[in-house]
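This is what each chain is made of:
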Amino acid sequence: MTQGLSLDELAALVGGRVQGDGTRRVVAVRPLEEAGPEDLSLLTAPRYRPAARDSRAGAILTAQALAGDPLLAGRDLLLAEDPGLALIAVLGRLRPPAAAVPGIHPTAVVDPTAQIDASATVGPYAVIGAGSTLAVGAVIGAHVVIGAGCRVGAGARVHPHAVLYDDTELGDRVIVHGGAVLGADGFGYVTAGRVHHKVPQVGRVVVEADVEVGANTTIDRATLGETRIGAGTKIDNLVQVGHNVRVGPSCVLCGQAGIAGSAELGTGVVLAGQSGVSGHIEVGDGTQVAAKSALLQSSERGARVAGIPAVDLAAWRRQASALGRLPALFRRVRSLEKKLGEETSGE
Amino acid sequence: MTQGLSLDELAALVGGRVQGDGTRRVVAVRPLEEAGPEDLSLLTAPRYRPAARDSRAGAILTAQALAGDPLLAGRDLLLAEDPGLALIAVLGRLRPPAAAVPGIHPTAVVDPTAQIDASATVGPYAVIGAGSTLAVGAVIGAHVVIGAGCRVGAGARVHPHAVLYDDTELGDRVIVHGGAVLGADGFGYVTAGRVHHKVPQVGRVVVEADVEVGANTTIDRATLGETRIGAGTKIDNLVQVGHNVRVGPSCVLCGQAGIAGSAELGTGVVLAGQSGVSGHIEVGDGTQVAAKSALLQSSERGARVAGIPAVDLAAWRRQASALGRLPALFRRVRSLEKKLGEETSGE
Amino acid sequence: MTQGLSLDELAALVGGRVQGDGTRRVVAVRPLEEAGPEDLSLLTAPRYRPAARDSRAGAILTAQALAGDPLLAGRDLLLAEDPGLALIAVLGRLRPPAAAVPGIHPTAVVDPTAQIDASATVGPYAVIGAGSTLAVGAVIGAHVVIGAGCRVGAGARVHPHAVLYDDTELGDRVIVHGGAVLGADGFGYVTAGRVHHKVPQVGRVVVEADVEVGANTTIDRATLGETRIGAGTKIDNLVQVGHNVRVGPSCVLCGQAGIAGSAELGTGVVLAGQSGVSGHIEVGDGTQVAAKSALLQSSERGARVAGIPAVDLAAWRRQASALGRLPALFRRVRSLEKKLGEETSGE
């Protein structure tokens, strides 16, 4: 157990300031309900202020703007401009990730032609194919299978049971979570006479630097060229990325989202949970697709859309509202028809 | 092959009674279409009565209420108050699960500090990390990876290729199916200047007793505290449970359902297939969310909802019905407008 | 690197003809944007004609119908009746799949009662249970777990990290991609007194010949009989197939589609991405369910449906169109009401 750090030390670390006792030491970060006197806790959304007041936490990390809040009176506070960024820095000190021990576990099966940097870690039962390379500090978890001709960048981390098919490339600092499958065959067939003939999928998957890929997510290899995920994009669990898709940099693909083949996403696109994007369309930079929605046509830069099929978010809200009032509208029209002595038509 | 059991013996087992020949022996349970003279079959829904009549099954397990059904005349029947519960008891005798042989497979990689009960089973190539414990009768399948600091309860069963990240806890009799990933990092970032900074996910996953987790389902670890699944909850395949989620006891989460971060589900909540729950909302006890629906706001106890966004089920049915008659409504309004000599507006 | 093939040779192979220099040799197939002088590229959709004109590709495979296209003037063309089928043939020559080396990797754990054909391949760390059989030319990837009593057909290929539970059967030439789980327990419980009692799932999964199963897809074993996938059906990634489901031959199940328990799909059914099918319904031959849609009732042969719940495609299009004009309809009705001096009701 660490001796912890004082609030003054943490304030220096995060570029913030202390309100209260700067010499107070904290050893861990816990949620408001679970924290004790040796813990720092976190208050971000104002609605949790009562929980912060009642918490047993030794100190609370929150925004500068809440410095004078009466509910927090008398508490030791670590104030930061962006508490989220401050939390990242604090956790980096109080809960540094366990350092992987470089070396290849004796049970790993590494092809003699693979090149493993001396600083890389290869876990139990990992399998690494011919000609694949692991760069400085790469960490390959237990049971990971890496095919032939793959490249894993510096500091990249592949968690247990992930699979990279042949020729997959991971950039520096990429994180791939357990069970993700990168580079499986795209879903491509030519149907003739009711028979679906498989089109060989001879392309590959390229994942650029600083991408994170969630557990059990699947990214298919391209038919001919590349399926590519842009730098800094974050992908949640159980997401499907079809063959030949291009995802731009800094996108956010939430849980169970799906992208059909050959779609192109620009920079900073956000797909909310369980949303979908049709194949062969272009999704403009910064487009945001709402949860459960289906983008069936190309979108403009900055579009915010919702619905099935997805339409402009404001229009979708009007539709949803109108839908709720639809039964009443039927009654109103019926009333008008009676007044005009008209027969009910079409009902 | 077992010698089977007589209908009289089975009736005693399930607390039911026999109509017909109580000495008839059956050796297996098969569907109506496949069963032969040595098999017991099952008739639950009345619509399958003709199939029961035509079945070659030696005997049929059905509800007391169908005792006098003319379509079943002359057949040997095993009558039970709840045929489903009776089926469970019968299968437990006729098809007892294969007993696992206690012991650690020589290929398993078990950290010297892990504590494995002598009655537990660890399969080929399983990997168990430092300080993890397996309780009485736990069964760990081939290729399962269990990180450091995990606890697996008595009689729990983890099927091949499941992954438990560090610090995951499984209660007694928990079942985890193949490919499920428990404890991967939650999807948490702080975005500043278009860069998504990863928030370390230092919490964990706790799965209480008697939970079943389906194949390739993912349950993320909490950012700080716990993601928790309540006792007796059943989770189907390919379900996504986000970080910090609390699922109450006795819930049912059907295939491909998704729960976004920090949502709280009460007791006995049912999420039908492909439904979704937004983050940071509270889902009241007994709430039922229909298939394909998206619950975006907190729900009351006992709520039954459907739609995107989900509304009260009755309201959703009215909406769906009205939607089908909407094209006709347009024609009716046009007709009224003509009658009143009004120009068409907005079309 | 191969010496490649001439266009004349390729024309003979695909039953097509050459326009331009038949002696030109190509060594690979690449997308229009990436292809160079030694590559063949592909032009299928007419909208990519400008990209074809600008491509550096040495030759272009396209349809007979585009032979005289002015944008392609002066280029060397390989003309085929069906360029897709031709592509399959060409790739089979220029990029033949790597031949697996027969034999059992020394790290594989094969039960002594399993029968492995001498021509089969078993990869590192694969586990094969008692009584299972691998037919001629079957290829089992690294880390695949095959339970007891399974059958893998001739030429079938199971990619790394797939799991077959006990008694699963794969027909000839079946392909199973990484992380797929076949034969896990169906989601079946009998609820009594708020407790969900697990119904033992003692059936199995049968996958007929020429089926392809995508990465991380799950197909559950039947409660009593079989869950069956018909010959030639193609299943994409992250698809859920519930217990007791029957999928007919030549179906196409796209990414993240789901089929609830006991549904029956006929021949040639297409489920588009993220669509769903309810349990216990019959889906007629050739039915097509649109993306994101939910088929809740049995469908007729040849039905084309969309929406939640799914309705006839044409009706859904009218609904979707009407929905967009709904806010305007409210205004029009309000205008009529004013004209008739009526109070607004129900709003």
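A. Expanded view of the overall build of chain A. Along its length, chain A carries 5 helices and 40 strands. Taking 2.2 N^0.38 as the reference for a compact globule, 347 residues should give roughly 20 Å; the C-alpha atoms of chain A span a radius of gyration of 26 Å, well beyond that estimate. Projected onto the principal axes, the alpha-carbon positions of chain A cover approximately 85 × 65 × 30 Å. Here chain A holds 347 residues, and 57% of them are scored as buried. Long-range pairs, those at least 24 residues apart, make up 17% of the contacts in chain A with a sequence separation of at least 6. As displayed, chain A has an accessible area near 13100 Å², and 52% of this comes from carbon and sulfur atoms.

B. The confidence of the model for chain A, seen in detail. Overall, the prediction assigns chain A a mean pLDDT of 95, with 98% of residues at 70 or greater. Prediction confidence for the complex, expressed as pTM and ipTM, is 0.96 and 0.95 respectively.

C. Layout of the sheet that holds strand β19 (residues 169–170) of chain B. Residue and element names in this part refer to chain B. Read from one edge of the open sheet, 9 strands run β10-β13-β16-β19-β24-β27-β30-β33-β36, paired in parallel fashion. Two strands in the sheet have a free side with no partner beyond their single neighbour: β10 (115–116) and β36 (282–283). Here strand β30 (residues 246–247) runs beside strand β33 (residues 264–265); their pairing, made up of 2 bridges, is parallel. By the bridge assignment for β33, valine 247 is matched with leucine 265.

D. Just the interface of chain C and chain B, in detail. The interface is formed by 63 residues belonging to chain C together with 62 residues belonging to chain B. Here chain C packs against chain B, burying approximately 5000 Å² in sum over the two surfaces, 65% of which is carbon and sulfur. Among the residues chain C hides against chain B, the three largest losses belong to C:Phe187, C:Leu224 and C:Arg332. Together they make up 16% of the total. Where chain C packs against chain B, one counts 3 salt bridges. As a salt-bridge pair, C:Arg332 and B:Glu337 come within 2.8 Å of each other at their nearest N and O atoms. At the boundary of chain C and chain B, one finds 25 residue pairs in polar contact (both at pLDDT 80 or more). Put simply, the parts of the chain that give the side of chain C that touches chain B at least two residues each are β21 (181–184), β22 (189–192), β23 (195–198), β26 (218–220), α4 (313–324) and α5 (326–339) of chain C.

E. Inspection of the state of the cysteines at higher detail. One pass over the structure, following the stated rule, counts 0 disulfides over all chains. Cysteine C:Cys254 remains unbridged, with the sulfur of C:Cys251 as its closest cysteine sulfur at 11 Å.

F. A look at the interface of chain A and chain C. Listed by partner, the interface residues are 63 residues for chain A and 62 residues for chain C. Between chain A and chain C, the buried area comes to about 5000 Å², and carbon and sulfur atoms account for 65% of it. Counting across the interface, chain A meets chain C through 26 residue pairs in polar contact (both at pLDDT 80 or more). Elements that contribute at least two residues to the side of chain A that touches chain C include exactly β21 (181–184), β22 (189–192), β23 (195–198), β26 (218–220), α4 (313–324) and α5 (326–339) of chain A. By residue number, the principal contributor to the side of chain A that touches chain C is α5(A), which donates 8 residues. Its residues assigned to classes, the side of chain A that touches chain C shows 32 nonpolar, 20 polar and 11 charged.

G. The arrangement of empty space enclosed by the protein in detail. Enumeration over the complete set of coordinates arrives at 5 cavities of 30 Å³ or more. Of the volumes computed, that of the largest cavity is approximately 190 Å³. Along its surface, the largest cavity is lined by A:Leu238, A:Gln256, A:Gln274, A:Lys292, B:Leu238, B:Gln256, B:Gln274, B:Lys292, C:Leu238, C:Gln256, C:Gln274 and C:Lys292. Grouping the constituent residues of the lining of the largest cavity by class yields 3 nonpolar, 6 polar and 3 charged. Estimates place the volume of the second largest cavity at around 90 Å³.

H. Seen up close, the relation of the copies chain A and chain C. Turning chain A through 120° and shifting it by 0.0 Å along the axis lays it on chain C, with an RMSD of 0.1 Å. Within this description, the copies of the chain are treated as partners about a three-fold rotation axis.

I. The packing of α5(A) against α5(C), seen in detail. As a packed pair, α5(A) and α5(C) sit with axes 11 Å apart at the nearest point and diverge in direction by 35°. Note that α5(A) runs across α5(C); the crossing there is left-handed. Here A:Leu326, A:Leu329, A:Arg332, A:Val333 and A:Leu336 of α5(A) come into contact with α5(C), specifically with C:Leu326, C:Leu329, C:Phe330, C:Val333, C:Arg334, C:Leu336 and C:Glu337. For the contact of α5(A) with α5(C), the per-class residue count stands at 9 nonpolar, no polar and 3 charged.

J. Structural context of the sheet that holds β26(C). Pairing is parallel across the open sheet formed by 10 strands, whose spatial order is β9-β12-β15-β18-β21-β26-β29-β32-β35-β38 (chain C). Each of the sheet's edge strands pairs with one partner strand only, and the pair in question is β9 (109–110) and β38 (294–295) of chain C.

K. Representation of the environment of B:Lys292. Looking at the element boundaries, B:Lys292 is found in the loop between β37 (288–289) and β38 (294–295). Note: C-alpha distance between B:Lys292 and B:Asp236 (56 residues apart in sequence) is 15 Å. In contact with B:Lys292, not counting residues within four places along its chain, are A:Lys292, B:Gly273, B:Gln274, B:Ser275, B:Ile308, C:Gln274, C:Ser275, C:Gly276, C:Lys292, C:Ser293, C:Ala294 and C:Ile308.

L. Structural context of unusual backbone geometry. A cis amide bond, omega 0°, links A:Ile308 with the succeeding residue A:Pro309. Looking at the element boundaries, A:Pro309 is found in the loop between β39 (304–306) and β40 (311–312). Of note in the backbone geometry, A:Gln256 takes a positive phi value of approximately 65° without being a glycine. You can see A:Gln256 is positioned in the loop between β31 (252–253) and β32 (258–259). Phi angles above zero are rare outside glycine, and C:Ser262 is one such case at about 70°.

M. Geometry of the pairing of strand β27 (residues 226–229) of chain A. Residue and element names in this part refer to chain A. As defined by bridge partners, strand β24 (residues 204–207) adjoins β27 across 4 bridges and the pair is classed as parallel. Within β27, the position partnered with valine 207 by the bridge is isoleucine 229. Both β27 and strand β30 (residues 246–247) contribute to a ladder of 2 bridges, which runs parallel. Directly across from isoleucine 229, in β30, lies its bridge partner valine 247.

N. Structural context of the pairing of β24(A). Where strand β19 (residues 169–170) of chain A meets β24(A), 2 bridges bridge the pair, whose relative direction is parallel. Following the sheet pairing, A:Leu170 is matched in β24(A) by A:Val207.

O. The packing of aromatic side chains, seen in detail. All told, the structure shown has 6 aromatic pairs over all chains when counted by the stated rule. Consider the rings of A:Phe187 and A:Tyr189, whose centres lie 5.1 Å apart with planes at 85°: the pair is edge-to-face. A relative accessible area of 17% places A:Phe187 in the buried class. With centroids separated by 4.6 Å and ring planes inclined at 75°, the aromatic side chains of B:Tyr125 and C:Tyr125 adopt a geometry described as edge-to-face. A residue pair is termed interchain when its members come from two chains, as with B:Tyr125 in the loop between β11 (121–122) and β12 (127–128) and C:Tyr125 in the loop between β11 (121–122) and β12 (127–128). An aromatic cluster is present here, built from A:Tyr125, B:Tyr125 and C:Tyr125 joined pairwise through their rings. Here B:Arg325 stacks its cationic end above the ring of A:Phe330, 4.3 Å away from the centre of that ring.

P. Structural context of helix α3 (residues 83–94) of chain B. Residues and elements named next belong to chain B. Across its 12 residues, α3 extends 16 Å between first and last C-alpha, which sits within 8% of the 16 Å expected from 1.5 Å per residue. For α3, the complete set of buried residues consists of Pro83, Gly84, Ala86, Leu87, Ile88, Val90, Leu91 and Leu94. N-cap assignment for α3: the residue whose side-chain oxygen lies 2.9 Å from the backbone N of glycine 84 is aspartate 82.

Analysis parameters
- Residues numbered from 1 in each chain as written.
- Chains lettered and ligands numbered in written order.
- Predicted model: local features only at pLDDT ≥ 70, side-chain atom pairs only at ≥ 80, totals over all residues.
- Heavy atoms only, no water.
- Helix = DSSP H or I, 4+ residues; strand = E, 2+ residues; numbered from the N terminus.
- Rg over C-alpha atoms; globule rule 2.2 N^0.38 Å.
- Buried < 20%, exposed > 50% of the residue type's maximum accessible area, 1.4 Å probe, protein only.
- Contact = heavy atoms within 4.5 Å.
- Areas by Shrake-Rupley, 256 points an atom, 1.4 Å probe, with all protein chains shown as cover.
- pLDDT = per-residue confidence, 0-100.
- Pairing = 2+ DSSP bridges.
- Buried area = accessible area lost by both parts, 1.4 Å probe.
- Salt bridge = Lys/Arg side-chain N within 4 Å of Asp/Glu carboxyl O.
- Polar contact = N/O pair within 3.5 Å; in protein donor to acceptor, adjacent residues only side chain to side chain.
- Disulfide = S-S within 2.5 Å.
- Nonpolar A, V, L, I, M, F, W, Y, C, P; charged D, E, K, R; others polar.
- 1 Å grid on protein atoms, 1.4 Å probe; cavity = no way out; pocket = protein on both sides within 12 Å on 5 of 7 lines; lining within 4 Å.
- Points joined across faces, edges and corners; volume = space filled by probe spheres on them.
- Least-squares fit on C-alpha atoms with pLDDT ≥ 70 in both.
- Axes fitted to C-alpha atoms, helices over the stretch in contact; angles between N-to-C directions.
- Left-handed = near helix turned anticlockwise from the far one by under 90°.
- Phe/Tyr/Trp six-rings, centres within 6.5 Å; stacked < 30°, edge-to-face > 60°.
- Lys NZ or Arg CZ within 6 Å of the ring centre and 35° of its normal.
- Expected span 1.5 Å × (residues − 1).

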